[in-house]
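# Structural overview
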Amino acid sequence: MLDKLLLDEPVLFGRDDQGKVFALRDICPHRGMPLSCGSFDGREVECCYHGWRFNGEGACTAIPALTGHENIDPGNIKVRSYPVRESQGGIWIFMEDPKVKVIELPPLPVVPDIGGAEKPAICEVMHFPCHIDHAVAGLMDPAHGPFVHTSWWWRSRGSIHEKAKPFGPSHFGFTMLRHRPSSNSFAYKLLGGVPETEISFQLPGVRIEHTRTGKNVVCNLTCVTPINENETEITHLIYTNIGWLKLFAPIVKIFARRFLNQDKSVVVKQQGGLKYEQNLMLIRDADTQARWYMQLKNEFARAQAEDRAFNNPVKETVLRWRS
Ligand code: FES
Ligand SMILES: [Fe+2]
């Protein structure tokens, strides 16, 4: 069992003896004990306080204190359970707002075309001390690279130059269409040949960067998960079909961590100013992706409230910036 805080809700994840993953609210409905303090026998979670038992669907299956004359059916007692799905080595949870009727769910993000690499070769998880919106804006921000990610193995500040990238709407988000990535990145050169990259973003906070050189594929999936109002979890998964890259996974992991740490340290510093000033300036075109994120989020909320289908506000365009 694994307990996690998500959207300010304690959640307990488990996998039953049939291999099925479940997620329950990590609070016993009897007297508020975290269920994660109890035990799990592969089928049921037992609360450590009075031994009430719950199955993976959250239904109570046993109340040991009952004698039979009380007329209580344990099956009527439920702990909230969340829909979960497992895909490509990741576990996805859907935590709906019980007050909002969801008519269309964002589909599970799929890492395309990773022939044979069904699980990520590398997984790096980091917590940023900020609201999810700042984490997403930072993740989709093309202009901070030369200032934040200056490393000999990535790029130098002097390599800044003008870029023009084609974008289009995609499912619940937008995509930087397949293009040749910047020649100023040393890491790309390691892939051999001239790579082509496509970067997509989709609600609620998933970025997929797919880079291909001939039959070599490296795909980064970054998932931004709100822990609460002031904390966000960044999960970075790297999928690849390149043998040597898998072999060197522990070393690549160090670089991935270093890269994420650069983002984290800038977010930590930014919090120092956001305490006093919440208003942000989002300029064209460098901040257009952050603007699209806000527009997508607002449109999703409006579509739910008005009980209608989601209408993607992003239009096909070319964005230009220097980085
Ligand atoms: S608090 Fe869980 S069984 Fe009583
Ligand atoms: Fe960054």
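Note that the coordinates shown come from a computational prediction; the quantities given were computed from them, not determined experimentally.

### Considerations on the nonpolar core
Membership of the largest hydrophobic core comes to 27 residues, with the highest contact counts inside it found for V136, F167, F174, F201, L203 and L296. Of all elements in the fold, only β11 (122-128), α1 (132-139), β13 (173-179), β14 (196-202), α5 (249-274), α6 (288-305) and β18 (317-322) reach the threshold of two or more residues within this core. Ranked by residue count, the leading element in this core is α6, at four residues. C28, C47, I63 and V79 belong to the second largest nonpolar core, which has 12 residues in total.

### Thoughts on the pairing of β11
Residues I122, E124, M126 and F128 line the buried face of β11, whereas the alternating positions C123, V125 and H127 sit on a face that is not buried. Sheet analysis places β11 next to strand β17 (residues 231-240), joined by seven bridges and oriented antiparallel. Paired with C123 across the two strands is L237, which belongs to β17.

### Quick word on the coordination of the iron ion (ligand 2)
The protein atoms that coordinate the iron ion (ligand 2) are H144 (NE2), H149 (NE2), D263 (OD) and D263 (OD), at distances spanning 2.0 to 2.7 Å. For the iron ion (ligand 2), the four donor atoms are set out with angles of 52 to 149 degrees between them, so the coordination reads as irregular. Counting the intervening residues between successive donors of the iron ion (ligand 2) yields the motif H-x4-H-x113-D. Using a relative accessible area of 16% as the deciding quantity, one classes H144 as buried.

### Focus: the side chain of E44
Positionally, E44 belongs in strand β5 (residues 44-46). A residue is classified by how much of its surface remains accessible, and E44, at 19% relative accessible area, is buried. Within the local environment of E44, its side chain forms a polar contact with the side chain of R53, the two groups lying 2.8 Å apart. Non-local contacts of E44, meaning those with residues more than four positions away in its chain, are made with S39, R53, F54, N55 and T61.

### Examining α1
Buried within α1 are the following residues: I132, D133, H134, A135 and V136. Those residues of α1 that are buried are in contact with β14, β16 (216-228), β17, α5 and α6.

### Details of the domain arrangement of the protein chain
By convention, interface size is frequently given as the accessible area that disappears when the constituent parts associate. Segmentation of the protein chain into domains returns domain 1 (2-82) and domain 2 (122-322). Of the residues lining the interface, five residues belong to domain 1; the matching set on domain 2 comes to five residues. Summed over both sides, the interface of domain 1 with domain 2 buries roughly 400 Å², with 55% coming from carbon and sulfur. For the domain 1 face of the interface with domain 2, the top three residues by lost area are K4, L5 and L7, together amounting to 67%. Seen at the junction of domain 1 and domain 2, the total is one salt bridge. Across the salt bridge formed by K4 and E233, the nearest N and O atoms sit 2.9 Å from each other. Where domain 1 packs against domain 2, one counts four residue pairs in polar contact (both at pLDDT 80 or more).

### A short note on the environment of Y293
Its place among the elements puts Y293 in helix α6. Here the alpha-carbon distance between Y293 and G168, two residues 125 residues apart in the chain, equals 13 Å. The residues touching Y293, leaving out its near neighbours within four places in the chain, are I132, D133, V136, F174, F201, L203 and P204.

### Brief notes about the sheet that holds strand β2 (residues 9-15)
Ordered in space as β1-β2-β3-β8, the four strands form an open sheet in which the pairing is antiparallel. Two strands lie at the open edges of the sheet, namely β1 (2-6) and β8 (81-82), each paired on one side alone. The pairing of strand β3 (residues 21-25) with β8 spans two bridges and is antiparallel. Its bridge partner being in β8, A23 is matched across the sheet by Y82.

### What to know about the pattern of salt bridges
All chains considered together, the criterion is met by 16 salt bridges. With a shortest N-O distance of 3.6 Å, K20 and E57 are connected by a salt bridge. With K20 in the loop between β2 and β3 and E57 in the loop between β6 (53-55) and β7 (60-62), this pair connects stretches of sequence that are 37 residues apart. Residue R80 is joined to E96 by a salt bridge in which the shortest nitrogen-to-oxygen separation is 3.6 Å. Within this pair, whereas R80 is found in the loop between β7 and β8, its partner E96 is found in the loop between β10 (90-93) and β11, the two being separated by 16 residues in sequence. A relative accessible area of 30% places E96 in the partly exposed class.

### Notes on a nonpolar patch on the surface
Taken together, W244, L247, F248 and I251 make up a surface patch of nonpolar side chains, about 430 Å² in accessible area. Looking at where F248 falls in the secondary structure, it is placed in the loop between α4 (243-247) and α5. Classification of F248 by relative accessible area gives partly exposed; the value is 42%.

Calculation rules
Residues numbered from 1 in each chain as written. Chains lettered and ligands numbered in written order. Predicted model: local features only at pLDDT ≥ 70, side-chain atom pairs only at ≥ 80, totals over all residues. Heavy atoms only, no water. Core = buried A, V, L, I, M, F, W, Y, C linked by side-chain atoms within 4.5 Å. Buried < 20%, exposed > 50% of the residue type's maximum accessible area, 1.4 Å probe, protein only. Helix = DSSP H or I, 4+ residues; strand = E, 2+ residues; numbered from the N terminus. Pairing = 2+ DSSP bridges. Donors = N, O, S within 2.8 Å, 3.2 Å for Na, K, Ca; no water. Tetrahedral: all angles 85-135°; square planar, octahedral: opposite > 155°, others 65-115°. Polar contact = N/O pair within 3.5 Å; in protein donor to acceptor, adjacent residues only side chain to side chain. Contact = heavy atoms within 4.5 Å. Domains from an automatic or database assignment. Buried area = accessible area lost by both parts, 1.4 Å probe. Salt bridge = Lys/Arg side-chain N within 4 Å of Asp/Glu carboxyl O. Patch = residues over 30% accessible without salt bridge, like charges linked within 9 Å, V, L, I, M, F, W, Y side chains within 5 Å. Areas by Shrake-Rupley, 256 points an atom, 1.4 Å probe, with all protein chains shown as cover.

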